[in-house]
Amino acid sequence: MSSNLQLIIKREFISRVRNRTFVVMTFLSPLIVVGMIALITWLTTINNDEVKKVAFIDETELFTSDLKDTNEVQYVNYSNYDIEVAKDSVISKKLYGLLYIPKKSSNKELSESIQFYAEESPNFSVLNTIEGIIANKLTNQNYKAEGLNLEAIENSKARINIQIENFSGEKTSKMSNYVKMAFGGFAGYLLMMFIIIYGNMVMRSVIEEKTNRIIEIIISSVKPMQLMMGKILGTSFAGILQFLIWVLLGGVLLLIATSLFGMDPQPVGVDPSIALQENNQEEIQLLIQDILKLPLLTLVLSFFVYFIGGYFLYSSIYAAIGAAVDSETDSQQFMLPILLPLMLGIYVGFFAVIENPHGTVSTVFSMIPLTSPIVMLMRIPFGVPWWEILISIVLLIGSIIFMVWFAGKIYRIGILMYGKKPSYKELFKWLKY
Amino acid sequence: MTNLLEVQQATKQFGDFIALNNVSIKVPKGSIFGLLGPNGAGKTTLIRIINQITLPDTGSVFLDGEPLQSHHIKDIGYLPEERGLYKSMRVGEQALYLAQLKGLSKRDAKDRLKYWFDKFDISHWWDKKIQELSKGMAQKVQFIVTVLHKPKLLIFDEPFSGFDPINANVIKDEILQLRDEGATVIFSTHRMESVEELCDHMALINKSNKILEGKVSDIKKEYKSNTFEVGLLSEDNNQLNEILQNKFITEPANFKTIEDQLKLKISLNKDASPNDLLRYLSERSQVVRFNEVIPSVNEIFIKTITENE
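We now turn to the structure provided with this report.

Cut-offs and rules
Residues numbered from 1 in each chain as written. Chains lettered and ligands numbered in written order. Predicted model: local features only at pLDDT ≥ 70, side-chain atom pairs only at ≥ 80, totals over all residues. Helix = DSSP H or I, 4+ residues; strand = E, 2+ residues; numbered from the N terminus. Rg over C-alpha atoms; globule rule 2.2 N^0.38 Å. Buried ≥ 20, exposed ≤ 12 C-beta atoms within 10 Å, placed from the backbone. Contact = placed C-beta atoms within 7 Å. Core = buried A, V, L, I, M, F, W, Y, C linked by C-beta atoms within 7 Å. Axes fitted to C-alpha atoms, helices over the stretch in contact; angles between N-to-C directions. Parallel < 35°, antiparallel > 145°, perpendicular 65-115°, else oblique. Left-handed = near helix turned anticlockwise from the far one by under 90°. Nonpolar A, V, L, I, M, F, W, Y, C, P; charged D, E, K, R; others polar. Pairing = 2+ DSSP bridges.

Each helix and strand counted, chain B has ten helices and 14 strands in total. The C-alpha atoms of chain B give 25 Å as radius of gyration, which overshoots the globular expectation for 309 residues (19 Å, by more than 25%). C-alpha extents for chain B along the principal axes are approximately 75 × 45 × 35 Å. The burial tally for chain B puts 37% of its 309 residues in the buried class. When contacts within chain B are restricted to residue pairs at least 6 apart in sequence, those whose partners lie at least 24 apart make up 72%.

This part covers the overall build of chain A. The secondary structure content of chain A amounts to 17 helices and six strands. Every one of the 433 residues in chain A was classed for burial, and the buried ones make up 31%. Put simply, 73% of the contacts in chain A that link residues at least 6 apart link residues at least 24 apart.

Bringing the nonpolar core into the picture now. Counting residues in hydrophobic clusters, the biggest one holds 127 residues, and the most contacted among them are Ala319(A) and Ile155(B). Core analysis: the next-biggest nonpolar cluster, separate from the first, contains 15 residues, Ile57(A), Tyr78(A), Val90(A) and Ile134(A) among them.

To continue, consider the packing of helix H2 (residues 91–101) of chain B against helix H3 (residues 106–119) of chain B. All names here are of chain B. Closest axis-to-axis distance for the H2/H3 pair is 9 Å, and the angle between their directions is 125°. Judged by the inter-axis angle, H2 sits oblique to H3. Crossing geometry of H2 relative to H3 is assigned as right-handed. Contacts from Ala95, Leu96, Ala99 and Gln100 in H2 reach Lys106, Ala109, Lys110 and Leu113 in H3. Residue composition of the contact of H2 with H3, by class: five nonpolar, one polar and two charged.

Moving on to the interface of chain A and chain B. Counting from both sides, the interface comprises 18 residues of chain A and, opposite them, 20 residues of chain B. Where the side of chain A that touches chain B is concerned, the elements lending two or more residues are helix H1 (2–18) and helix H8 (215–219) of chain A. For the side of chain A that touches chain B, the residue count by class is nine nonpolar, five polar and four charged.

Take the sheet that holds strand E7 (residues 153–157) of chain B next. The strands making up a sheet associate through backbone hydrogen bonding, with each pair oriented either parallel or antiparallel. Residue and element names in this part refer to chain B. Across the sheet, six strands lie side by side as E6-E7-E8-E3-E9-E10; this open sheet has mixed pairing. Only two strands of the sheet have a single partner each, and these edge strands are strand E6 (76–79) and strand E10 (209–215). Strand-to-strand twist across the sheet, computed as the mean angle between neighbouring axes with direction ignored, equals 15°. Relative to strand E8 (residues 184–188), strand E3 (residues 32–36) runs parallel, the two being bridged by four bridges. Residue pairing in the sheet places Leu35 in a bridge with Ser188 of E8.

Bear in mind that shape data such as this cannot, by itself, settle questions of function.
What follows is the structure, encoded as structure tokens:
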């Protein structure tokens, strides 16, 4: 009889994998994702390439020498023009904006009366640069006015970079918490997507057998429970294959894209000034150390356990729903018990766990079977005592057994019921048949 | 004659609804057994119990003398009324898959499929998808899958629905041949003429209860009412009619003739002999027709159901 289970798994797997949408999604998705990354990177580069021409009228003649062209901004001296003429000229020449520094009696007054005219609200970093230049100049002037030695001030500035160490004396990076969050968040989110995508596939496949009316032919050869398990397993194998192809293909494509366009595969939008810090090199090394210091073995093992466990738990519910309804549209009313705990898991994960990985909320939700796969996966990078993981896994396995039994009951009755839109009450009755 | 299948006092309840109430049937080996009953009588539930799709609440089923077990699945071939195939799967693959689920090895399944596909002249369908076939064509594939593993017991639920008369005949001949080769057949249908034609045994289920079971010929004997259909030639048909009406229970009969005959159905008492009737009639007229009226399965069906209402 177990050979029947194999046959069913094989058929489910092949029919999933042969499906045209599956093939397209498998090979197109990495292309699309990598393409998007490439596009965004490229767009940001051209966006930054555009040099902004800023005209200025410096009535004080204090800042003219400091307003030097950069990669981002080019300065045009309009100090000879009247302000109204300058405005017209900026508009007609389509310059980025006009900086107006009026002559005032005191620096205090001056600092409050500088203006920037522009068509659109000006770029934050442009303003920042200009403000920086002016503030710097005025500060230095103030120091001078107070009779302070600029050089002495410069020399007495202290630069602090606190080195973080844990109590056992190992250095950690400041990024440590972010790394943990990223690992946990990624794993939890991945699990949720996997459950929704492949759980839906299981459900569709059950509905298909019902609407095709092949179900009674199959059921006269195999036990409903075998058919259900075969479906869940076959679909998950297809899912794992798709996942592997994505990882491989995505990796290869990213590599090709990087070498082709000389792109930096690091996340976009990181402020380059941070990257240019002198201790950057050390930071990266610490970061890598941090990753290596994560409970990697526990992480990988529990990832598999919770991934498989969570998927089984949910896809048996999906199978039961598929059996209970006649079409996919009818299934909507039963989606809440699936989506609610999934969403809850993700929200608890992103708010409670990140705030306090070992708080009451995080701990409780990492025990409750429907949310535990996601929440526990997010907690594990922060270090969870083994007995907590054990309790959570035992609870999970227990509820999987219960849920598969429960779903099997509904499935067994539901697949032979046609043309009925069952209510929860009716589903409950089926349990007693 | 031994029984291949015996259902003993099977009862099945769904919530408050009793689908099957203490039903027992005996299906003799090598018979074609008609399982009759109006819609919703409980036929499908009974068939599902035999197929181990549903378990009875009480009662037991024996196949070939053994209590029904999961390995008996491969001894039964079942063509359900609600039947279909995977639409996007190819005919050959699908037939192979379903045959393997019934315990055939891939090689055996292939050989036997080739035999049947050649027999029905449908070998060129092998690589087609089911969605490219018509309903009747798909039904042929389903029929082949049902009988492929050479089961001892074949259960057909409305096997002829969806077939045109020619293909229905082909299927009918195949069923008869399978019976001749030793299979036992259970037939569930509303089409009384096919029961009349094929079945030697039958059971009638109404409102979850079995109300009739036995050999078709025995049941007919039991239901016949010693009634005879006669065609008489006389000088004055009206006068003769009056005489007969006074002496017997008669009703007008209807059959085709070329002469102007008096056509009547005459019912006798249970013990009365047809010879006496014939003698009486021949003394008064020329008897051109004298037939015993045998009830059709259809008439028995309607009569017992209405009596039971």
